[in-house]
Structure formats: structure tokens, C-alpha cells
Amino acid sequence: MKVLLRTLACLFLLVGLAALATVVWARHTGGFSARATPSYVETALARYTRRLAIPASAKSLQNPIADSPSVQHEAMAHYADHCASCHANNGSGDTMYGKGLYPKPPDLRLAATQNLSDGELFFIIQNGVRLTGMPAFGSSNDDGADSWKLVRFLRHLPQITPTEVERMNGMNPKSPDELQEEKQEQEFLNGAPAAQ
Ligand code: HEC
């Protein structure tokens, strides 16, 4: 009985100390603000755990979609519409949402991402990453073709040209205000009197 009580007391003490340490750590690292940038250790640990959590069978999957200009075009439009709000058209992650997330979306052009296998990239797109802003884009009844095409486009990102980025700007989702502005510009160019 005594041993049990002592063990319980120790356990409570440990939990209390861990909670206190978390509060002190959180205060010193900017509270719970998502504006902070995760430390190197935090990022390395999170990436390591994520890597362990992806099944080996998924990592070794080969891309069943052959690369072609039409696949690149389709995936580019899909990426500009669904991914660029966080990852940016050029993959840098330098966007309003990207900068405000914790953890931030990594620069998809760099080795850390490009060294992931096609299977890993596909798994991340289909399933998302828990406790981060990365959503799951797959569903139980899709064949994953769109995500495999996106993997082809992610491989192209390190070589993306300014002309391609410019083209993608026209493919990004537009707010009603932006659409209205574009319509007025077009009308003005077509010779209609400018709106007041
Ligand atoms: C709402 C914001 C958001 C959107 C939209 C989004 N992502 Fe992400 N993405 C993230 C964040 C945040 C991470 C970092 C996750 C982590 O740290 O494990 C991430 C990580 C990734 C990674 C892993 C890269 C690496 O090196 O860890 C890939 C690949 C990826 N996203 C692809 C995509 C694709 C393709 C789309 C569109 C179909 C997309 N994402 C849409 C926020 C987003």
C-alpha cells in the first residue's frame, strides 16, 4: 500500500513538473503564438517522427502516372488552386497563410522535400499531417491519380521559371473583390466608361 502511495505521489510530482516546464518553455518561446518559428530540434524531431509513421510499403510506391506536358499542366493548375495559398506558386511557402502557420510549410524546392521518395510525397498529400496546417487531400474512394500528378509537379518546382509562376498567378483562386476589379479593368480596356 505504502509503495503504491509513494509511486502515485512521485507520478503526480512528475506530471506537475512537466506541466510547469511546458508553461515556462512556452512563455520563453513566444507563448502559443503561431508566428514563432519552430526550433531546429523541434523540426528535426517532428520530421523524424513523421518519417517513422509513414509505412515502408507506402514509401516505396512508384508513381503510376507517366510525366508529360499535359500532366504537368493539369497538376500546375491544381497546385495553383489548392496548394499555393500556403506553399506559394514557386513552392517557397512565402505567403500570408504560410508565414502564419506553426509549423510553417517548408520550401518545397529544397533537398529536405526533394529527397523524400515519391511514395512519401504522395502519402503526405493524400493523408495530410496531423497537428499541422497540411490538410489531407485524398478520400477513401479516389484512386489518388490527382495526387500522383501533383508529385510530378512537385519534382518540377526546383526548375520552375518566372514565366510559369506568372502563368500560375492567373490560376490562383480569386476573391469577389479581385474578380470585380479584373472585370472593371477589362471593361475599361474594351472602352467602357470607368466605374465611379
Ligand atoms: C492550409 C495550408 C496548406 C495547404 C492548403 C497545403 N499545405 Fe502542404 N503543408 C502545409 C504545412 C504547414 C506543411 C508542413 C507539415 C509538417 O511540418 O509536417 C505542409 C507540408 C507539405 C509537404 C511535405 C513537405 C516536407 O518536406 O515536409 C508536401 C509534399 C505538401 N505539403 C504538399 C502540398 C500539396 C501538393 C498541397 C495541395 C494539394 C498542399 N500541400 C496544400 C500547409 C499546407
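Our subject is the structure listed above.
No experiment lies behind these values; they were computed from the predicted model shown.

S.K.: Please explain the site of the ligand as it appears in this structure.
M.R.: In the vicinity of the ligand there are 24 residues, among which Cys-83, Cys-86, His-87, Thr-113 and Met-134 approach most closely. Within the side chain of Arg-47, a nitrogen or oxygen atom sits 2.9 Å from an oxygen atom of the ligand. Measuring from an oxygen atom of the ligand, one finds a side-chain N or O atom of Arg-50 at 2.8 Å. Of the pockets mapped on this structure, the ligand occupies the largest pocket. Where the shell around the ligand is concerned, the elements lending two or more residues are helix 2 (40-53), helix 5 (84-87), helix 8 (118-127) and helix 9 (145-156). Here the shell around the ligand is composed, by residue class, of 17 nonpolar, five polar and two charged.

S.K.: Where do I start with the coordination of the iron atom of the ligand in this structure?
M.R.: Ideal geometry at a metal centre gives angles of 109.5 degrees when four donors are arranged tetrahedrally and 90 or 180 degrees when six donors are arranged octahedrally. Looking at the metal site, the iron atom of the ligand is ligated by His-87 (NE2) and Met-134 (SD), spaced 2.0 to 2.2 Å from it. Classification of the site at the iron atom of the ligand as octahedral follows from its six donor atoms and the range of 87 to 179° in their angles at the metal. Within this pair, whereas His-87 is found in helix 5, its partner Met-134 is found in the loop between helix 8 and helix 9, the two being separated by 47 residues in sequence. Residue His-87 is classed as buried on the basis of its relative accessible area of 13%. Assessed through its relative accessible area of 23%, Met-134 is described here as partly exposed.

S.K.: Which parts of the structure should I look at to understand the side chain of Ser-147?
M.R.: Here Ser-147 shows up in helix 9. The residues contacting Ser-147, other than those within four sequence positions of it, are Phe-122, Ile-125 and Gln-126.

S.K.: Help me understand the pattern of salt bridges in this model?
M.R.: Where charged atoms from two side chains of opposite charge approach closely, those side chains can pair. Per the stated rule, a full pass over the model turns up seven salt bridges. Note that Glu-120 and Arg-51 form a salt bridge whose closest N and O atoms lie 3.0 Å from each other. On the criterion of sequence distance, the pair formed by Glu-120 in helix 8 and Arg-51 in helix 2 is long-range, its members being 69 residues apart. Between Lys-174 and Glu-182 there is a salt bridge, with the nearest N and O atoms lying 3.8 Å from each other.

S.K.: Can you help me understand the packing of helix 4 (residues 69-82) against helix 9 in this one?
M.R.: To characterise two packed helices, one gives the angle between the axes of the helices and the distance between these axes. Axis separation between helix 4 and helix 9 bottoms out at 8 Å; the angle between their running directions is 95°. As summarised for this structure, helix 4 and helix 9 are arranged roughly perpendicular, according to the angle between their axes. From helix 4, Val-71, Gln-72, Glu-74, Ala-75, Met-76, His-78 and Tyr-79 reach across to helix 9, where they touch Asp-146, Lys-149, Leu-150, Arg-152, Phe-153, Leu-154 and His-156. Residue composition of the contact of helix 4 with helix 9, by class: seven nonpolar, three polar and four charged.

S.K.: Explain the nonpolar core here, please?
M.R.: The nonpolar side chains of soluble globular proteins are, as a tendency, buried together. Counting 26 residues, the largest nonpolar core has Tyr-79, Val-151, Phe-153, Leu-154, Leu-157 and Met-168 as its most contacted members. Put simply, the parts of the chain that give this core at least two residues each are helix 4, helix 8 and helix 9. By residue number, the principal contributor to this core is helix 9, which donates six residues. Residue contacts for Phe-153: discarding those within four places in its chain leaves Gln-72, Ala-75, Met-76, Tyr-79, Ile-160 and Met-168.

The rules behind these values
- Residues numbered from 1 in each chain as written.
- Predicted model: local features only at pLDDT ≥ 70, side-chain atom pairs only at ≥ 80, totals over all residues.
- Heavy atoms only, no water.
- Near = heavy atom within 4 Å.
- Polar contact = N/O pair within 3.5 Å; in protein donor to acceptor, adjacent residues only side chain to side chain.
- 1 Å grid on protein atoms, 1.4 Å probe; cavity = no way out; pocket = protein on both sides within 12 Å on 5 of 7 lines; lining within 4 Å.
- Sits in = over half its atoms within 2 Å of the grid points.
- Helix = DSSP H or I, 4+ residues; strand = E, 2+ residues; numbered from the N terminus.
- Nonpolar A, V, L, I, M, F, W, Y, C, P; charged D, E, K, R; others polar.
- Donors = N, O, S within 2.8 Å, 3.2 Å for Na, K, Ca; no water.
- Tetrahedral: all angles 85-135°; square planar, octahedral: opposite > 155°, others 65-115°.
- Buried < 20%, exposed > 50% of the residue type's maximum accessible area, 1.4 Å probe, protein only.
- Contact = heavy atoms within 4.5 Å.
- Salt bridge = Lys/Arg side-chain N within 4 Å of Asp/Glu carboxyl O.
- Axes fitted to C-alpha atoms, helices over the stretch in contact; angles between N-to-C directions.
- Parallel < 35°, antiparallel > 145°, perpendicular 65-115°, else oblique.
- Core = buried A, V, L, I, M, F, W, Y, C linked by side-chain atoms within 4.5 Å.

Treat this as a map of the structure, not an account of what it does.
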